[in-house]
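So you can see what is in the structure, the chains are spelled out below.
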Amino acid sequence: MSSVTTEQPAPKNKLSLRSRLRRDRSLLLMTVPSVALLLVFNYVPLFGLLTAFQDYNPLVGVWNSEWVGFAQFVALFDDSLFWGSLTNTLYLSFVQLILFFPIPIALALLLNSVLSERLRNLIQSIAYLPHFFSWVLAITIFQQMFGGAGLLNQFLRSNDIGIWDIMTNPDTFALLITSQAIWKEAGWSIIVFLAALAAINTDLYESSAVDGAGRWRRLWHITLPGMMGVIMLMLVLRLGNALSVGFEQFLIQRDAVGHEAADVLDTFAFYYGIATNNYSYGAAAGLFKSVISLLLIWGANKLAHAFGEDGLYRK
Amino acid sequence: MGIELNRRRFLSTTVSVAGLAAMGGLLSACGGGAQQKTGANSDALKAALPKYVPSSAIKADIASVAGGPDILTDPGFLTYPSNPVATVSGIPGKGGKYTAVTPLWGTIPPADNSFYQAMNQALGVTLDMKPADGNNYATIIPTMTAAKRLPDWIQLPNWWNANFNVGELAGSQLADLTPYLAGDKIEKYPNLAAIPTGAWQAGAWGDKLYGIPSFSSGFVIAGGTAYRRDLLEARGITADQVKSADDLMNLGKELTDAKGGVWAFDDVWTYMFPSWGVPLKWTVKDGKLVHKYDMPELLDALEWHHKLATAGYIHPDALAGNNADGNVRFYAGKVLIAGGGAGGWNASDHQSGTAANPNYRKGFFDFFTKDGKGEPRIEVGSSSRILSYLNSNLKPEQIEELLAVANYLAAPYGSKEYTLINFGIEGVHHTMVNGVPTATEEGKKNVQPQTFPFLASPASVISNPGADVVTNDYTAWQAANVKHLKKPVFWNMNISLPRSMATADAGQAVEDAIKDCYHGKKKVSDVKEAINTWKSSGGGDKLVQWTDENVLQKFGTGQ
């Protein structure tokens, strides 16, 4: 099935920088707004990280606030609540990775096998819908269905079966938030995998079918390898964002299960930094998270390359 | 969210996070950044406080009842004065142009609308009103102060004093009003002079006046424990049968019918803990300052609330932290006893309740001690929580012009000015229906009671046009309970803490543990552990020491 190609390496660009700039000026001009947005909203605010090394006072500004060196980090690493939040973040991220990550891939494969286009569109639309709900609405729906006074528990009560504490049990909170995330986001997440599936050459399926490969063989030898690049890319991105498990979802349900179960790094920075005017403390927590995330994404990218995949970029 | 306006929390926030203080000298050694102000009861402040000259322009239907110095019930009005009297002669302004920013929890009216125009005409100034979303207010203001771009007139609710750094703003970006209002000088502005002195103290920093109070009251408490009077009385249960925490717990057992979807309680912690003798924040024992976290009474109170939750008497949605629907549960009769913010016992509540059940009637239990013995002690909050400030860049004549405008806005309930400020022009923004100003469509769109009154307003009254039962019940409850109200330690004192103590002062970890405990998720021993951590590594002991040395020892209790 494989074909040997004799691609010639692309000739090196011999044009001077000025010539290339002149040649690509229209394209470069079109990127200016995006680059400007990126600079203004992503790079310029990075200067705010200085506050992590200060006792920042908004009234006197960054330049006039007192420098305290690593004092905020010392306090942070001495704070048991911080370590609790970090542990929660990593645990919740791990649970989501194991339980959530495969779902969109499986959904995409299933959806791809539906032959009726109308039916496929219908299923797709229904699966996408919860993505457009806010977390407030999504959690309200869960509360109305599974809360202590929700439909399920009132039914159980009225039949003397006893209640099932789903929404306020800290021990099963990881499963609850993962279920909510799957319900809300799994449908939307299949888009990228559907695109990867659409890019696989259908001739390969026909050839393998002619050669006698069954459905599972085709899945294993054609579909999954065809999707592997995208799966690895999404995995790298997911690992890079391992410390960003969300904010609103935890903020809203913090009182329901208690702060020890629900506090993640982002809510920690909010409650123990911003909400108490201790901006520098929150900035230190945020900077710590960013550094760890950078290391994670770097490590995951290395891993992808080690497996022969592209990762974030082609090596 | 965390910083959003939560009326149930406001009292503890204002007193606990505290802003600055009204008192003495500048303490330059504390904290980073600019100098901090703190103090209380200094002679200089006492000299600066405006003289109180009560207004006799309008007589209330239900008179105030005094409960002690600076403590009294709000007067009640059963009818709206039919012939509003004018309390301001002439036009207060001289044609100046100013901008004003206030928070608004509601729909923002269109700019330069017919109501604003009518007000500007009456005030004699061009006041460019810029109401801002109250839910985001705490994040909007710091950007203005950091850029030193405050408007000419701004409202800063005192529960956000710490967020806004009002202590540092006072004198730097906010104008000192002492030269214009101190002592007898306020008599130039009779309606402002009718605002009780305590309310002015709530807006004082260092030993100077800065804030102009709105909605001042001598009965400022977080609220009480509300109950469905109609439903309980139908079962033969009256409020006077509840005289102790045990009585209430027993009532929980009697009223809860989980299978039928009815629970006795919603969250009541905020309004019940004083029954155990727990102060809002501080108390003084044997001359020594004690934080409430150091009091065994706090743990006793938590023990009872923990039991209330684990016994299954609290609605599951309340335990899940869904407070937003608390009123809906109460109106629907799914909950029969709930924490009731003082501001929530009004005509609007009555309308919502009767829409759900025509027999709806709300009541508050009288205050009691945990065992029904002795005198309950309910601590009052600041005499005013809504304070507006003038920009320090204004010239003296501009400040005088705006104070004259504030005097107009502070006209008493039912006066000609009050009617315009709160209901707009008759025939345009409201019409009189059965003697009650009733908004027209134009009025509903443009006249918001949270715009001009948030810059200055008269002392609070109880008035619920169309719902006299509320006015009668609420004034009667206030009159029966005013004797239990006491001033807390550091009453009306604004304390500007060093920045390094902000975290300890907020006590977020302890507050989280307390909430988890009264929701039944943590034991009292867990709270005790959180308190121990707060005291040692959390800076709690340092906070107590600093406050003792720098506030209590220097300025006294303020009581």
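Here the residue numbering is sequential within each chain, running from 1 through the sequence in written order. As a convention, the first chain written is A and the first ligand written is 1, with the rest following in written order. Per-residue local features of the predicted model are confined to residues with pLDDT of at least 70, and side-chain atom pairs are confined, for both listing and counting, to 80 or more; whole-chain, interface and lining totals are unaffected and use all residues.

Novice: Got a minute to help me understand the overall build of chain B in this structure?
Specialist: Only DSSP runs of H or I covering at least 4 residues are called helices, and only runs of E covering at least 2 are called strands; the numbering of each starts at the N terminus. Each helix and strand counted, chain B has 24 helices and 23 strands in total. For the radius of gyration, the atom set is restricted to C-alpha positions; the globular benchmark scales as 2.2 Å times the number of residues to the power 0.38. Taken against the 2.2 N^0.38 rule, which gives 24 Å for 559 residues, the C-alpha radius of gyration of chain B at 23 Å falls within 12% of a compact globule. The dimensions of chain B, computed from C-alpha atoms along their principal axes, are 65 × 60 × 40 Å. Buried positions account for 55% of the 559 residues belonging to chain B. Burial is judged by counting the other C-beta atoms within 10 Å of a residue's own C-beta: 20 or more makes it buried, 12 or fewer makes it exposed, and any count in between marks it as partly exposed, with every C-beta position built from the backbone.

Novice: I would appreciate a short explanation of the overall build of chain A in the present structure.
Specialist: Within chain A one finds 16 helices and two strands. A globule of 315 residues ought to have a C-alpha radius of gyration of about 20 Å, yet chain A, at 25 Å, is considerably larger. With the principal axes as the frame, chain A shows a C-alpha extent of 75 × 65 × 35 Å. Here chain A, with 315 residues, has 31% of them falling under the buried criterion. Across chain A, the fraction of contacts at a sequence separation of at least 24, relative to all contacts at a separation of at least 6, is 64%. Residue pairs are scored as contacts if the distance between their C-beta atoms, which are placed from the backbone, is within 7 Å.

Novice: Can you help me understand the confidence of the model for chain A in this one?
Specialist: Any segment with low pLDDT has predicted coordinates that should not be analysed in fine detail. Residue and element names in this part refer to chain A. A residue's pLDDT is simply how confident the predictor is in it, with values from 0 to 100. For chain A, per-residue confidence averages 87 on the pLDDT scale, and 96% of positions sit at 70 or higher. Helix α3 (residues 61–64) is the least confidently modelled element of chain A, averaging 85 in pLDDT, while helix α2 (residues 25–43) averages 94, the highest of any element. In the predicted structure, residues 1–7 sits below a pLDDT of 50 and forms two contacts with residues beyond four places in sequence or in another chain.

Novice: Explanation requested: the environment of Asp70 of chain B in the structure shown.
Specialist: All names here are of chain B. Within the secondary structure, Asp70 sits in the loop between β3 (66–68) and β4 (71–72). Judged by local crowding, Asp70 falls into the buried class, with 20 C-beta atoms found within 10 Å. Along the chain, Asp70 and Tyr293 lie 223 residues apart, while their C-alpha atoms are 28 Å from each other. In this structure, Asp70 is in contact with Pro196, Gly198, Gly218 and Ser383, ignoring residues within four places of it in sequence.

Novice: Teacher, can you tell me more about the packing of helix α10 (residues 173–198) of chain A against helix α12 (residues 215–240) of chain A here?
Specialist: Working note: a packed helix pair is described by the angle between its axes plus the distance between those axes. Residue and element names in this part refer to chain A. Inter-axis angles, ranging from 0 to 180 degrees, are taken between N-to-C directions of lines fitted to C-alpha atoms, where helices are fitted over the stretch in contact. Interhelical geometry of α10 versus α12 gives an angle of 145 degrees and a closest axis separation of 9 Å. Regarding α10 and α12, the two cross each other, and that crossing is right-handed. Only Thr223, Gly226, Met227, Val230 and Met234 of α12 make contact with α10, whose side of the interface consists of Val192, Phe193, Ala196 and Leu197. Each residue is assigned to one class: nonpolar for Ala, Val, Leu, Ile, Met, Phe, Trp, Tyr, Cys and Pro, charged for Asp, Glu, Lys and Arg, and polar for all the others, Gly among them. Its residues placed into classes, the contact of α10 with α12 shows seven nonpolar, two polar and no charged. The hand of a helix crossing depends on one turn: near helix anticlockwise from the far one by less than a right angle means left-handed, and clockwise means right-handed.

Novice: I'm lost on the packing of helix α6 (residues 102–112) of chain A against α10 of chain A in this one. Help?
Specialist: Residues and elements named next belong to chain A. In the contact formed by α6 and α10, the axes pass within 7 Å of each other and the chain directions differ by 60 degrees. On the basis of their axis angle, the class for α6 and α10 is oblique. Regarding α6 and α10, the two cross each other, and that crossing is right-handed. Packed against α6, whose contacting residues are Ile103, Pro104, Ile105, Leu107, Ala108, Leu111 and Asn112, the element α10 presents Ile182, Ala186, Ser189, Ile190, Phe193, Leu194 and Leu197 at the interface. In these notes the angle categories are as follows: under 35 degrees is roughly parallel, over 145 is roughly antiparallel, 65 to 115 is roughly perpendicular, and the rest is oblique.

Novice: How should I be thinking about the interface of chain B and chain A in this particular structure?
Specialist: Many descriptions give the size of an interface as the accessible area lost when the pieces come together. Contact with chain B, which involves 35 residues of that partner, is made by 33 residues of chain A. Put simply, the parts of the chain that give the side of chain B that touches chain A at least two residues each are α4 (137–146), α5 (161–164), α14 (316–319), α21 (502–506) and α22 (508–518) of chain B. Ranked by the residues each element gives to the side of chain B that touches chain A, the list is headed by α22 of chain B, at five residues. Taken together, the residues of the side of chain B that touches chain A sort by class into 13 nonpolar, 13 polar and nine charged.

Novice: Could you clarify how one ought to interpret the sheet that holds strand β8 (residues 153–155) of chain B in this entry?
Specialist: Neighbouring strands of a sheet are bound in pairs by backbone hydrogen bonds; such pairs are parallel or else antiparallel. Residues and elements named next belong to chain B. Taken together, the five strands give an open sheet; going across it, the order is β7-β6-β8-β19-β11, and neighbouring strands pair in mixed fashion. The strands lining the two open edges of the sheet, one partner per strand, are β7 (126–133) and β11 (212–214). If you compare each strand with its neighbour and ignore which way they point, the axes differ by 20 degrees on average. We treat two strands as partners when DSSP finds at least two bridges between them. Sheet analysis places strand β6 (residues 97–104) next to β8, joined by two bridges and oriented parallel. If you follow Ala100 over to β8, its bridge partner there is Trp153.

Novice: What am I meant to see in the pairing of strand β16 (residues 335–341) of chain B here?
Specialist: Walk down a regular strand and you will see the side chains alternate between the two sheet faces. Residues and elements named next belong to chain B. Counting buried positions along β16 gives seven out of seven residues, so the element sits mostly inside the fold. Looking at chain direction, strand β12 (residues 223–228) and β16 are connected through five bridges and run antiparallel. Paired with Thr225 across the strands is Gly339, a residue of β16. Direction of pairing for strand β13 (residues 263–265) relative to β16: parallel, over a ladder of two bridges. In the strand pairing of β16, Phe265 is matched with Ile337.

Novice: What am I meant to see in the environment of Pro453 of chain B here?
Specialist: Residue and element names in this part refer to chain B. Note that Pro453 resides in the loop between α19 (441–446) and β22 (462–463). Note on Pro453: 20 C-beta atoms within 10 Å, which makes it buried. For the pair Pro453 and Gln478, spaced 25 residues apart in the sequence, the C-alpha separation amounts to 24 Å. Each residue touching Pro453, except ones within four places of it in the same chain, is listed here: Ser214, Leu409, Ile421 and Asn422.

Novice: Looking at this structure, how should I read the nonpolar core?
Specialist: Generally speaking, a soluble globular protein has its nonpolar side chains buried in company with each other. Core analysis: the biggest nonpolar cluster contains 199 residues, and Phe268 and Ala285 of chain A together with Phe265, Ala406 and Leu409 of chain B have the highest contact counts within it. Throughout the structure description, domain borders are defined by an automatic or database domain assignment. When we break this core down by domain, the ones giving at least three residues each are domain 1 (10–215 + 383–459) and domain 2 (223–379 + 505–529) of chain B. When near neighbours in sequence (up to four residues on either side) are disregarded, Phe265 of chain B contacts Gly252, Leu308, Tyr313, Ile314, His315, Val335, Ile337 and Ala338 of chain B. Note on terminology: a nonpolar core is any set of buried Ala, Val, Leu, Ile, Met, Phe, Trp, Tyr and Cys residues joined through C-beta atoms within 7 Å. Core analysis: the second largest hydrophobic core is formed by nine residues, Ile105, Ala108, Leu111 and Ala186 of chain A among them.

Novice: So what exactly am I meant to see when it comes to the confidence of the model for chain B here?
Specialist: Looking at chain B, the pLDDT average stands at 88 and 93% of residues meet or exceed 70. A low-confidence stretch, residues 1–36 of chain B stays under pLDDT 50, and its non-local contacts, those more than four residues away or across chains, total 125 contacts.

Novice: I'm lost on the sheet that holds β13 of chain B in this one. Help?
Specialist: Residues and elements named next belong to chain B. The strand order across the open sheet built from four strands is β13-β16-β12-β17, with neighbouring strands paired in mixed fashion. With partners counted over all chains shown, the strands left at the sheet margins are β13 and β17 (362–364), one partner each. Strand-to-strand, the axes of this sheet are offset by a mean angle of 30 degrees, without reference to chain direction.

Novice: Honestly, unusual backbone geometry in this entry has me stumped. Any pointers?
Specialist: All names here are of chain B. One non-glycine residue with positive phi stands out, namely Asn434, at about 55 degrees. Although it is not a glycine, Phe490 adopts a positive phi angle of roughly 65 degrees. With respect to the secondary-structure elements, Phe490 resides in the loop between β23 (485–486) and α21.

Novice: Would you mind showing me how to read helix α17 (residues 396–409) of chain B here?
Specialist: Each α-helix turn comprises 3.6 residues. Residues three or four places apart therefore point the same way. A helix is expected to reach a length of 1.5 Å times the quantity of its residues less one. With 14 residues, α17 of chain B extends 20 Å from end C-alpha to end C-alpha; this agrees with the ideal 20 Å at 1.5 Å per step. Glu401, Leu402, Leu403, Ala404, Val405, Ala406, Asn407, Tyr408 and Leu409 of chain B are the residues of α17 of chain B that are buried.

Novice: Can you walk me through the pairing of strand β15 (residues 288–291) of chain B in this structure?
Specialist: All names here are of chain B. Here β15 shows one buried face, formed by Leu289 and His291, and one open face, formed by Lys288 and Val290. Two strands pair when backbone bridges link them, and strand β14 (residues 282–285) and β15 are joined in this way by four bridges, in the antiparallel orientation. Across the sheet, residue Lys285 finds its bridge partner in β15, namely Lys288. Connecting β14 to the next strand, β15, in antiparallel fashion are two residues, including Asp286 with a positive phi near 55 degrees.

Novice: Quick question: what am I supposed to make of the environment of Gly340 of chain B here?
Specialist: Residue and element names in this part refer to chain B. You can see Gly340 is positioned in strand β16. A tally of 27 C-beta atoms within 10 Å means that Gly340 is categorised as buried. Between the C-alpha atoms of Gly340 and Thr270, which are 70 residues apart in sequence, the distance is 9.3 Å. Setting aside anything within four residues of it in sequence, one finds Gly340 in contact with Gly223, Gly224, Thr225, Ala226, Tyr271, Trp345 and Phe364.

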